Amino acid sequence: MAKANQYKFCFGPWNISQGGDPYGPTTRPEQSFDWKLDQLKALGFDAMMFHDDDAVPDIDNKSEKQILTEAKELKKKLDDAGLVAEMVAPRLWFSPMTIDGGYTSNDPKCRRYAIDRSLRCIDIANILDTDILVLWLAREGTYLRESKSGKRSVELMVEAFDKMLAHDKKIRLAIEPKPNEPMDHAYIPTIGHALAVAQLTTDARRVGALIETAHCILAGLDPADEIDFAMTFGKLWSLHLNDQNGLKFDQDKPFGSTNLRSAFNQVRVLERNGYGKHGEYVCFDVHPFRTTKSEQTLAHLDNSRRTFLRLVEKARTFDEARAKSLIAERDYQALDQMVIEHLLGK
Ligand code: GLO
Ligand code: MG
């Protein structure tokens, strides 16, 4: 198996979830943040991802000073555990102020709230010593096409991104595109959209992307191609590997759970493009199944990493020379079978 130290791994506290869905209550008890951090360490992961309110709970009811104090306490806790923060993300989809979107809300007071909260989130990122602010633009879209203007919404997002870039000269914005859910349609549905919007900002070099497997599939796209596209621009700064069975709600299944060949192709392009060489992490944005019992509440994380590492080995032992000659002969039939047999093993 490929050695774990060739890639660095992380997950977020929300990835140890309780199994609640819109049709039924939770099926596992909630665990404390400290317990989750201990498990991350025990599993041998390297970093944790944070929403701003994972780092500073109840953030909206705290003063700026209190936010900074609590962020410093968290930093100490991470240092003591020998762990780091991979990124911080403003959770702009819970508050009553973001019901109709954050940066693209039709209400200027709500837009102000979204920007202010994002700037506080950058302050937290500074204290936690990460330069990545992840922007999953959950409610930047519409339920009703006539309720917002697409052009105006893009302009509002660029305005908001510019304020963040000006607030801190080192922060990098990693846009996490998703085509739908919770909204009917989102304004930045794919990596292409994210990188195009980056060009409109005052410092395009500091606006890049995070790719999530499930989000690409929900957009009807091939996650490996999306990864290749972002890496061609040097803009893949983080990664949420998971899996998704077709066009439905966002499932966040373990990596490789639905389509092993697609997972192999994602790993292969990561290998080919040298993902991780500039310190990027492999993050698993996965959830336990609702049916998972408490005793197995961490298995989806460990399993995703196991599958990833097995696929790294598959990518490294793939007969590239033979593949090249089959490509030259345009014998894609044989190439297809070669991939299948390689994945099936001896
Ligand atoms: C949901 C997203 C979500 C984000 C996380 C970080 O579909 O994938 O899990 O990755 O909130 O911003
Ligand atoms: Mg994600």
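Read on for a plain summary of the structure. None of these values were measured; they are calculated from a predicted model. (Residues numbered from 1 in each chain as written. Chains lettered and ligands numbered in written order. Predicted model: local features only at pLDDT ≥ 70, side-chain atom pairs only at ≥ 80, totals over all residues. Heavy atoms only, no water.)

## Overview of the pattern of salt bridges
The final tally for this structure, using the stated rule, is 25 salt bridges. The salt bridge involving arginine 172 is made with aspartate 131; its shortest N-O contact spans 3.2 Å. With a gap of 41 residues between them, arginine 172 in strand E6 (residues 172-176) and aspartate 131 in the loop between helix H4 (108-127) and strand E4 (132-136) connect regions that are remote in the sequence. For arginine 172, a relative accessible area of 23% gives the class partly exposed. Judged by relative accessible area, aspartate 131 falls into the partly exposed class, the value being 32%. Among the charged side chains, a network of salt bridges with common partners joins Asp52, Asp53, Asp54, Asp60, Arg91 and Arg117. (Salt bridge = Lys/Arg side-chain N within 4 Å of Asp/Glu carboxyl O. Helix = DSSP H or I, 4+ residues; strand = E, 2+ residues; numbered from the N terminus. Buried < 20%, exposed > 50% of the residue type's maximum accessible area, 1.4 Å probe, protein only.)

## Some details on the site of ligand 1
Taken together, 14 residues surround ligand 1, and among them His51, Glu176, Lys178, Glu212 and Asp285 come closest. Within the contact set of ligand 1, an oxygen atom lies 2.7 Å away from a side-chain nitrogen or oxygen of glutamate 176. Glutamate 212 is positioned with one of its side-chain polar atoms (N or O) 2.7 Å from an oxygen atom of ligand 1. Judged by its atoms lying within 2 Å of the grid points, ligand 1 is housed in the largest pocket. (Near = heavy atom within 4 Å. Polar contact = N/O pair within 3.5 Å; in protein donor to acceptor, adjacent residues only side chain to side chain. 1 Å grid on protein atoms, 1.4 Å probe; cavity = no way out; pocket = protein on both sides within 12 Å on 5 of 7 lines; lining within 4 Å. Sits in = over half its atoms within 2 Å of the grid points.)

## Concerning the coordination of the magnesium ion (ligand 2)
Coordination of the magnesium ion (ligand 2) by the protein involves Glu176 (OE), Glu212 (OE), His240 (ND1) and Asp285 (OD), with metal-donor separations of 1.9 to 2.2 Å. One can describe the site at the magnesium ion (ligand 2) as octahedral: its six donor atoms subtend angles covering 81 to 171° at the metal. Of note, the donors binding the magnesium ion (ligand 2) are all from one chain and are spaced E-x35-E-x27-H-x44-D. Of this pair, glutamate 176 sits in strand E6 while aspartate 285 sits in the loop between strand E10 (282-284) and helix H10 (299-317), and the two are 109 residues apart along the sequence. Residue glutamate 176 is classed as buried on the basis of its relative accessible area, which comes to 5%. For aspartate 285, a relative accessible area of 7% puts it in the buried group. (Donors = N, O, S within 2.8 Å, 3.2 Å for Na, K, Ca; no water. Tetrahedral: all angles 85-135°; square planar, octahedral: opposite > 155°, others 65-115°.)

These results come straight from atomic positions and should not be treated as a statement about function.
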